[in-house]
Amino acid sequence: MSTIPSDRSPESTLAFLREGYRFIGARCDRLGTDIVQTRLLLEPTICLRGRPAAELFYDNERFVRRGAMPMRAQRTLTGVGGVQGLDGEAHRRRKAMFMSIMTPAAIRHLGQLFDDEWRARIPAWAESGPVVLYDEVGRMLTRSVWAWAGVPLADADVPRRTAEMHAMIEGPAVVGPGHWRGRLGRRRAERWAGEVIERVRAGALPAPEGSALRVVAGYRDERGMLLPRRIAAVELLNVLRPTVAVDRFVVFCALALHDHPHWRDRVRGDDAAAESFVQEVRRYYPFFPAAAARVRRSFEWQGYAFPQGRRVLLDLYGTNHHPELWPEPERFRPERFDGWRGDPFRLIPQGGGDHLTGHRCAGEWITIELMKRAVGNLTGSMSYRVPPQDLALDLGRLPALPPSGLVLDGVRRTA
């Protein structure tokens, strides 16, 4: 049996926080392998990248999610007790709850709400001068997904709810005030969402049939029990928060259109070209760096031992940039997705495997729909300029975003 190539550092947590998306890939490249062992958060961790690794990682007979995600991420990003940390029948039932919301008609409805929000904002942008796209899209997505989910939201509360979602998203990978803002945002959001859930259950707040709010509030687990108030709040936020997080992908769409302006005409009014463009944005730009699991029971793979309980990280960014999967991976080439039929273990910006039974993001189709709507508006509903600004992406920052948030000016409505 072979020994897994090892990082020489006795503890690499600070290096992970410093190197971000390139942490796993840099060690794999240096050692000439797609598997490397290191120490993170004071425990040995196996890191993997590539399609065979993704196929292994999403084998539910070999891996579990319980106890895999660090608590600092659960207390900010995902919440404690949510679907991401479940296994077996509990996970299958909870995941089915989310998938029941993701019908094609519902996804189109959310896209239309986002379209309406975007087009309604264009006159204000035209009057206001420069606007920060990241800030604007975050608030538009908050309004859209709250309405779509059946959750009441006053206009005055939009900035606060958006800020809470952003704090949770940014909290896991930072230390100091940023992390504590994430925890505070999580506590406040869970308290608010729990109150909403209780009002629905008490009959004091009507929730539309089929809405996320109604589905989560009325969901019963494998024992026939309603979810505890806090867990139901966590799962409601697991619909709202990831949808707001699409604002980063929307900024990346705008950045790609700025860096590759010849694609503006190609995607305008062409759904197939827009689909290829959006998929390449999802592959090329950094979103979530890695996914975590633990070995269910000891096994051997490709001559390497995986001990029971060992934490394993799958490099999502590195797999999406693996040269054996993606020729010229550092070039932005949407045409590589022309005629794309999908591969659950090759393109994995939001996880891999099966949506229905595995841990792939339930909201992936929502992400694609919202990105395509954004591309349509950026190329068809408005004209604008991108003034000089810092648009460099620091891959050591988790999550990555242009420092300027992408400023637009000279906005004008078009046809």
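These notes cover the structure that comes with them. (Residues numbered from 1 in each chain as written. Predicted model: local features only at pLDDT ≥ 70, side-chain atom pairs only at ≥ 80, totals over all residues. Heavy atoms only, no water.)

Moving on to the overall build of the chain. In terms of helices and strands, the chain carries 16 helices and 10 strands. Taking 415 residues into account, the globule formula puts the C-alpha radius of gyration at 22 Å, and the chain, at 21 Å, falls close to it. With 415 residues in all, the chain has 56% of them scored as buried. Taking contacts inside the chain between residues at least 6 apart in sequence as the whole, the part at least 24 apart equals 72%. Charge centroids of the chain, computed over 61 positive and 49 negative side chains, lie 4 Å from each other. (Helix = DSSP H or I, 4+ residues; strand = E, 2+ residues; numbered from the N terminus. Rg over C-alpha atoms; globule rule 2.2 N^0.38 Å. Buried < 20%, exposed > 50% of the residue type's maximum accessible area, 1.4 Å probe, protein only. Contact = heavy atoms within 4.5 Å. Lys, Arg positive; Asp, Glu negative; His and termini not counted. Charge placed at Lys NZ, Arg CZ, Asp CG, Glu CD.)

So, about the sheet that holds strand 4 (residues 131-132). Spatially, the 3 strands line up as an open sheet ordered 4-10-9, and their pairing is antiparallel. The sheet is open, and its two borders are formed by strand 4 and strand 9 (382-385), each paired with just one other strand. With 2 bridges joining them, strand 4 and strand 10 (residues 407-413) adopt antiparallel strand pairing. Residue Val-132 lies in a different strand from strand 10, and its bridge partner there is Val-407. Its contacts with the sheet place helix 6 (residues 104-128) against strand 4, strand 9 and strand 10, and it is angled at close to 110° to strand 10. (Pairing = 2+ DSSP bridges. Axes fitted to C-alpha atoms, helices over the stretch in contact; angles between N-to-C directions.)

What follows is about the state of the cysteines. Inspection of every chain in the model, using the stated rule, returns 0 disulfides. Not part of a disulfide, Cys-361 finds its nearest cysteine sulfur in Cys-253, a span of 16 Å. Given the relative accessible area of 24%, Cys-361 is considered partly exposed. (Disulfide = S-S within 2.5 Å.)

One open sheet holds the 5 strands; their spatial order is 1-2-8-5-3, and the pairing between them is mixed. Unpaired on one side and paired on the other, strand 1 (35-40) and strand 3 (63-64) mark the two borders of the sheet. Taken together, the 4 bridges between strand 2 (residues 43-48) and strand 8 (residues 311-315) define a ladder with parallel strand orientation. Paired with Cys-47 across the two strands is Leu-313, which belongs to strand 8. Most of the contacts of helix 2 (residues 23-31) go to strand 1, to which it runs at about 130°, and overall it touches strand 1, strand 2, strand 5 (290-295) and strand 8.

Another point: the packing of helix 6 against helix 16 (residues 364-380). At a closest axis distance of 9 Å, the pairing of helix 6 and helix 16 adopts a crossing angle of 30°. In terms of orientation, helix 6 lies roughly parallel with respect to helix 16. The crossing of helix 6 and helix 16 is right-handed. Residue-level contacts link Ile-107, Arg-108, Leu-110, Gly-111, Gln-112, Phe-114, Asp-115, Trp-118 and Arg-119 of helix 6 to Trp-365, Ile-366, Glu-369, Leu-370, Arg-373, Ala-374, Asn-377 and Leu-378 of helix 16. (Parallel < 35°, antiparallel > 145°, perpendicular 65-115°, else oblique. Left-handed = near helix turned anticlockwise from the far one by under 90°.)

Taken as a whole and assessed by the stated rule, the structure comprises 34 salt bridges. Salt-bridge contacts for Glu-190 lead to Arg-230; the nearest nitrogen and oxygen are separated by 3.9 Å. Of this pair, Glu-190 sits in helix 9 (residues 177-201) while Arg-230 is found in helix 11 (residues 229-244), placing the two residues 40 residues apart along the sequence. Residue class for Glu-190 comes out buried when judged on its relative accessible area of 14%. Overlapping salt bridges bring together Asp-7, Glu-19, Arg-27 and Arg-30 as one network. (Salt bridge = Lys/Arg side-chain N within 4 Å of Asp/Glu carboxyl O.)

Turning to its location among the elements, Trp-148 is positioned in helix 7 (residues 133-149). Looking at Trp-148, the relative accessible area reads 8%, which means it is buried. For Trp-148 and Leu-14, which are 134 residues apart along the polypeptide, the C-alpha to C-alpha distance reads 40 Å. Every residue in contact with Trp-148, bar those within four places of it in the chain, is listed here: Ile-101, Met-102, Ala-106, His-109, Leu-110, Leu-113, Ser-211, Val-239 and Ile-366.

Another point: the nonpolar core. Ranked by size, the top nonpolar core spans 85 residues in total, and within it Trp-118, Trp-148, Leu-213, Phe-277 and Val-281 carry the most contacts. Among the elements that line this core, the one with the most residues is helix 12 (residues 246-259), at 10 residues. Counting residues in hydrophobic clusters, the runner-up holds 22 residues, among them Ile-35, Phe-57, Leu-316 and Ile-348. (Core = buried A, V, L, I, M, F, W, Y, C linked by side-chain atoms within 4.5 Å.)

Attention now goes to the packing of aromatic side chains. Summed over all chains, the structure comprises 22 aromatic pairs. Between the aromatic rings of Trp-263 and Phe-277, the centroid separation amounts to 6.1 Å while the plane-to-plane angle is 45°, which identifies the pairing as tilted. Here Trp-263 is found in helix 13 (residues 262-267), whereas its partner Phe-277 is found in helix 14 (residues 271-284), with 14 residues between them in sequence. Using a relative accessible area of 0% as the deciding quantity, one classes Phe-277 as buried. Taking 6.1 Å as the distance between ring centres and 80° as the angle between the ring planes, the aromatic pair formed by Trp-301 and Phe-306 counts as edge-to-face. The buried category is assigned to Phe-306, whose relative accessible area is 1%. (Phe/Tyr/Trp six-rings, centres within 6.5 Å; stacked < 30°, edge-to-face > 60°.)

A few words on empty space enclosed by the protein. Taken as a whole and judged by the stated rule, the model has 1 cavity of 30 Å³ or more. The computed volume of the largest cavity comes to approximately 40 Å³. If you trace the largest cavity, you find it lined by Arg-282, Arg-283, Tyr-285, Phe-287, Phe-288, Leu-316, Tyr-317, Asn-320 and Pro-349. Here the residues of the lining of the largest cavity sort into 6 nonpolar, 1 polar and 2 charged. (1 Å grid on protein atoms, 1.4 Å probe; cavity = no way out; pocket = protein on both sides within 12 Å on 5 of 7 lines; lining within 4 Å. Points joined across faces, edges and corners; volume = space filled by probe spheres on them. Nonpolar A, V, L, I, M, F, W, Y, C, P; charged D, E, K, R; others polar.)

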